[in-house]
Amino acid sequence: MMAKDYIDKVALRGAEMTRKGVIAAAKKYKDDGNFKAAKSQKFVVVVDGKEYPPKKLASAASGLPVSGFSGGEELNGKLRRLGFEVRAK
């Protein structure tokens, strides 16, 4: 059995963000289209081949408001540790 190359959860400003939570948030927003209006400034996170704004996705997955944590490389690193691709726009 191969070892997975990601972890299941990370801390985000006192909250918990899980890999499953990010996937569920992406599915929810893909289904209802809420991310069409939520544009990322510099980065996208890829979930199941679709691009999402990292901060909005992390907010939905953690329950924190987008104003409650920093984006950029700090958040991108957490998303990468959860096994997601994050890339510049």
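We now turn to the structure provided with this report. Predicted, not measured: the structure shown is a model, and the values here were computed from it.

The next subject is the packing of aromatic side chains. Tallied over the full model, the rule gives zero aromatic pairs. A cation over an aromatic ring shows up here: Arg-19 above the ring of Phe-84, its NZ or CZ 4.8 Å from the ring centre. When the ring centre of Phe-69 is taken as origin, the NZ or CZ atom of Lys-55, which lies over that ring, is 5.4 Å away.

Below, the discussion takes up the sheet that holds strand β3 (residues 43–47). The antiparallel open sheet is built from three strands, whose spatial order is β4-β3-β5. Each edge of the sheet is formed by a strand with only one pairing partner; in this case those strands are β4 (50–52) and β5 (85–88). Taken pair by pair, the neighbouring strands of this sheet meet at an average axis angle of 35 degrees, ignoring direction. In this structure, β3 lies alongside β5, joined through four bridges in antiparallel fashion. Counterpart to Val-45 in the pairing with β5 is Val-86. Contacts from helix α2 (residues 54–62) reach β3 and β4 within the one sheet, and its direction differs from that of β3 by about 55 degrees.

Once that is clear, we can look at the packing of α2 against helix α3 (residues 72–81). Taken N-terminus to C-terminus, the directions of α2 and α3 make an angle of 60 degrees; their axes are 10 Å apart at the nearest point. What the angle tells us is that α2 and α3 run oblique. For the pair α2 and α3, the crossing hand works out as left-handed. Contacts from Pro-54, Lys-55 and Ala-58 of α2 reach α3 at Leu-75, Asn-76 and Leu-79. Split into classes, the residues belonging to the contact of α2 with α3 amount to four nonpolar, one polar and one charged.

The next point concerns the nonpolar core. Membership of the largest hydrophobic core comes to 21 residues, with the highest contact counts inside it found for Met-17, Val-22 and Leu-57. Listing elements by their share of this core, those giving two or more residues are β1 (9–12), β2 (15–18), α1 (19–32), β3, α2 and α3. Those residues in contact with Val-22 that sit more than four places away from it in its chain are Met-17, Val-47, Leu-57, Ala-61, Leu-79, Leu-82 and Phe-84.

Basis of the calculations
Residues numbered from 1 in each chain as written. Predicted model: local features only at pLDDT ≥ 70, side-chain atom pairs only at ≥ 80, totals over all residues. Heavy atoms only, no water. Phe/Tyr/Trp six-rings, centres within 6.5 Å; stacked < 30°, edge-to-face > 60°. Lys NZ or Arg CZ within 6 Å of the ring centre and 35° of its normal. Pairing = 2+ DSSP bridges. Helix = DSSP H or I, 4+ residues; strand = E, 2+ residues; numbered from the N terminus. Axes fitted to C-alpha atoms, helices over the stretch in contact; angles between N-to-C directions. Contact = heavy atoms within 4.5 Å. Parallel < 35°, antiparallel > 145°, perpendicular 65-115°, else oblique. Left-handed = near helix turned anticlockwise from the far one by under 90°. Nonpolar A, V, L, I, M, F, W, Y, C, P; charged D, E, K, R; others polar. Core = buried A, V, L, I, M, F, W, Y, C linked by side-chain atoms within 4.5 Å. Buried < 20%, exposed > 50% of the residue type's maximum accessible area, 1.4 Å probe, protein only.

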